[in-house]
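Residue-level listing of the chains:
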Amino acid sequence: MKITIHRRIRYTLLACFTVFAIAISPYQQAYPQVASQAVQSAAQSQQPVLAVESVGITVSDMDKAISFYSQVLPFQKISDVEVLGSNYEQLQGLFGIRMRVVKMQLGDEVLELTEYLTPKGKPIPIDSRSHDRWFQHIAIVVNDIDKAYQHLRKYKVQHTSTAPQRIPDWNKAAAGIRAFYFKDPDGHNLELIYFPPGKGNPKWQKSTNQLFLGIDHTAIVVSNTANSLSFYRDLLGLKVVGESMNYGTEQAHLNNVEGARLHISGLRAPTGVGIEFLEYLEPRDGRSLPMDARPNDLLSWQTTLVVKDVKAIAQQLKRSQLVSSNVVTIPEQTLGFKRGLLVRDPDGHVMRLVEK
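The rules we used
Residues numbered from 1 in each chain as written. Predicted model: local features only at pLDDT ≥ 70, side-chain atom pairs only at ≥ 80, totals over all residues. Heavy atoms only, no water. Salt bridge = Lys/Arg side-chain N within 4 Å of Asp/Glu carboxyl O. Helix = DSSP H or I, 4+ residues; strand = E, 2+ residues; numbered from the N terminus. Buried < 20%, exposed > 50% of the residue type's maximum accessible area, 1.4 Å probe, protein only. Core = buried A, V, L, I, M, F, W, Y, C linked by side-chain atoms within 4.5 Å. Contact = heavy atoms within 4.5 Å. Polar contact = N/O pair within 3.5 Å; in protein donor to acceptor, adjacent residues only side chain to side chain.

**Side note on the pattern of salt bridges**
For step 1, the next point in the chain: According to the stated counting rule, one finds 20 salt bridges in the structure shown.
For step 2, the next point in the chain: Taking the shortest distance from any N to any O, the salt bridge between K203 and D108 comes out at 3.3 Å. Of this pair, K203 sits in the loop between strand 9 (189–194) and strand 10 (212–222) while D108 sits in the loop between strand 3 (98–106) and strand 4 (109–118), placing them 95 residues apart in sequence.
For step 3, the next point in the chain: Accessibility expressed as a relative area gives 26% for K203, which makes it partly exposed.
For step 4, the next point in the chain: Through salt bridges with shared partners, one network takes in D127, R129, D132, D285 and R287.

**Some words on the nonpolar core**
For step 1, the next point in the chain: Counting 58 residues, the largest nonpolar core has Y69, L73, F75, L113 and Y232 as its most contacted members.
For step 2, the next point in the chain: For this core, the leading source of residues is helix 3 (residues 62–72), giving 6 residues.
For step 3, the next point in the chain: The contact partners of Y69, leaving out residues within four places of it in the chain, are I57, P74, F75, M104, L111, L113, D184 and L190.
For step 4, the next point in the chain: Counting 18 residues, the second largest nonpolar core, distinct from the first, contains L94, V101, L335 and V350.

**Considerations on helix 3**
For step 1, the next point in the chain: Residues M62, A65, I66, F68, Y69 and V72 constitute the buried set of helix 3.
For step 2, the next point in the chain: One side-chain oxygen of the residue at the start of helix 3 lies 3.1 Å from the amide nitrogen of D63, identifying that residue as D61.

**Points about the environment of T118**
For step 1, the next point in the chain: In this structure, T118 sits in strand 4.
For step 2, the next point in the chain: For the pair T118 and I97, spaced 21 residues apart in sequence, the C-alpha separation works out to 5.0 Å.
For step 3, the next point in the chain: The residues contacting T118, other than those within four sequence positions of it, are G96, I97 and R98.
For step 4, the next point in the chain: One polar contact links the side chain of T118 to the main-chain carbonyl oxygen of G96, over a distance of 2.9 Å.

**Some thoughts on the environment of I138**
For step 1, the next point in the chain: Within the element layout of this structure, I138 appears in strand 5 (residues 136–142).
For step 2, the next point in the chain: Distance from I138 to I275, taken between C-alpha atoms, is 9.4 Å for residues 137 residues apart in sequence.
For step 3, the next point in the chain: In this structure I138 touches V55, F75, L111, N189, L190, E191, I215, H217, T218 and W301, once residues within four positions along its chain are discounted.

As structure tokens, then:
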């Protein structure tokens with residue numbers, strides 16, 4: 001049958017769109033673009049996630065990491081354990097592991113450090129950029145960003161931003177917020193953030209003599225906000241609490257990405273730190289997480305979400321989305337929970353779903 005020129009053009013465009021959609025991220029193929037109304041309603045009514053309990057990073061040298069987070073930054077160590085055995089191998093999806101896990105607290109929030117004594121993973125790629133889709137950071141709230149920045153300069157921390165940046169007044173959602181990106185000794189991205197009156201969680205406005213106050217959120221680069229919402233909002237029940245469109249010289253120098261234009265979405269559970277999406281509308285050349293990335297690689301973060309029923313969530317996931325072999329029971333709750341499961345979001349970021 002003869003195909004008209006109009007139909008040829010339509011098929012060509014459709015094919016191009018399909019190739020582009022697959023190229024966004026290999027992990028997205030496991031997720032629908034938009035969850036069904038029934039799934040979304042069920043998630044919102046059941047509130048699967050009760051809290052975003054902690055944010056975790058993989059470190060190369062635990063003693064060096066503790067020194068940085070307790071001396072350059074004022075985190076306090078609250079637990080320190082070593083674990084090994086089949087339960088932890090199944091949880092992390094790695095054979096032969098022995099891990100040292102240290103929890104560090106600042107204010108009400110917790111950062112979890114994990115060193116894999118065996119097997120060692122790969123370092124963070126030296127050419128990592130803020131818009132690569134393995135990017136993640138924690139935002140550490142300060143009551144005076146100029147003093148905090150000078151404090152970091154004394155320790156010669158590695159810059160990502162050129163200097164602290166102020167979000168301009170035309171950006172109503174974020175006007176007056178000041179921020180600065182820097183790195184820890186392993187190259188993990190961290191952010192200082194200052195909230196002016198009327199912005200952020202009201203607890204950051206309380207009078208205090210402390211310079212460093214706590215962790216407001218963890219930010220992740222996503223390739224498609226709608227895809228990420230299908231996972232975090234529709235499946236896990238997190239609530240969208242804010243959005244903004246950030247661009248201009250201040251944003252570009254904050255992220256150190258020329259021409260950066262971002263769609264930012266903030267989500268929260270009933271308690272705990274927020275999860276923030278950073279979707280780069282420009283530039284679009286951010287790289288996907290390597291398909292061979294593993295939890296012992298230093299670019300690996302894992303955010304811990306406390307859920308009502310981890311098995312119920314697991315049943316809604318595909319095998320390709322799981323890092324763990326299955327839902328794993330942890331003996332004597334050594335890591336602070338009784339059952340857990342590691343899963344990947346649409347861009348490969350690891351979330352640890354746990355039951356207390």
